[in-house]
Amino acid sequence: GESVGLHLPTLSVQEGDNSIINCAYSNSASDYFIWYKQESGKGPQFIIDIRSNMDKRQGQRVTVLLNKTVKHLSLQIAATQPGDSAVYFCAETRTGANSKLTFGKGITLSVRP
Amino acid sequence: DVKVTQSSRYLVKRTGEKVFLECVQDMDHENMFWYRQDPGLGLRLIYFSYDVKMKEKGDIPEGYSVSREKKERFSLILESASTNQTSMYLCASSFVLGGGPATNEKLFFGSGTQLSVL
């Protein structure tokens, strides 16, 4: 049969509101996690990372939360701006020789003016 | 700032052509990677290299090869391009953080090459 392209899930938020982007990761042995932002026509950009010995890490306007019990990662963006509109990817890895990052499929954040 | 430069932003090739995608990084990173990005499939690792002249297969190496003759340059080669290789190709680099070769952390990406194979 004909294959249909998959659409990324989309989160739509009002400018100025806080955004929460969620990610479920798959490998319970993963100990390092990254959030990337990819704007249209550009490669992914590093936003923030967190190691498994932490459950929260803050950056400028962004916070990453890690819940290892349920293998859940979230990215919180405070006071969302139009420039935050992008696709966001989470990535996980178990650090060590020849480790590889496994990327999530991505979530589109759309900021309404 | 780390700069990862991919030589072409857009490429159009014909089926059966040999295609070279070039990537250069300026931060003396040991590790370099090639991914392809397709709608609904996310980023998939094709090949990576953790040292000059070293290469390792990623998750989808079939139909591709790579070359790393110099530390700063990592080339992806499509020996005989096919239409199912139409995709966005992303190069990335990272440095070793002490966890051993190819410790895959904090990748820095280029802007990508959108390849269309007709």
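Placed above this text is the structure.
Residues numbered from 1 in each chain as written. Chains lettered and ligands numbered in written order. Predicted model: local features only at pLDDT ≥ 70, side-chain atom pairs only at ≥ 80, totals over all residues. Heavy atoms only, no water.

A. Summary view of the environment of Thr15 of chain B. All names here are of chain B. By secondary structure assignment, the location of Thr15 is in the loop between strand 2 (10-13) and strand 3 (19-25). Considered as a pair, Thr15 and Ser111 are 96 residues apart in the sequence and their alpha carbons are 24 Å apart. Not counting the four nearest positions on each side in its chain, Thr15 is found in contact with Ala81, Thr83, Val117 and Leu118. (Helix = DSSP H or I, 4+ residues; strand = E, 2+ residues; numbered from the N terminus. Contact = heavy atoms within 4.5 Å.)

B. Region of interest: the packing of aromatic side chains. Overall, the coordinates contain ten aromatic pairs over all chains when judged by the stated rule. Ring geometry for Phe103 of chain A and Tyr35 of chain B: centres 5.5 Å apart, planes at 85°, overall edge-to-face. With Phe103 of chain A in strand 9 (residues 102-103) and Tyr35 of chain B in strand 4 (residues 31-38), the pair connects residues from two separate chains. A residue is classified by how much of its surface remains accessible, and Phe103 of chain A, at 10% relative accessible area, is buried. Relative accessible area serves as the criterion here: at 1%, Tyr35 of chain B is assigned to the buried category. Judged by centre distance (5.9 Å) and plane angle (50°), the rings of Tyr35 of chain B and Phe109 of chain B are tilted. A residue pair is termed long-range when its members are at least 10 positions apart, and Tyr35 of chain B in strand 4 and Phe109 of chain B in strand 10 (residues 108-109) qualify at 74 residues. Taken individually, Tyr35 of chain B and Phe109 of chain B each receive the classification buried, so the pair is uniform in this respect. Members of the aromatic cluster, each reached through a chain of ring pairs, are Tyr36, Phe46 and Phe103 of chain A together with Phe33, Tyr35, Phe48 and Phe109 of chain B. Note that Arg9 of chain B overlies the ring of Tyr10 of chain B, its terminal NZ or CZ placed 5.2 Å from the centroid. (Phe/Tyr/Trp six-rings, centres within 6.5 Å; stacked < 30°, edge-to-face > 60°. Buried < 20%, exposed > 50% of the residue type's maximum accessible area, 1.4 Å probe, protein only. Lys NZ or Arg CZ within 6 Å of the ring centre and 35° of its normal.)

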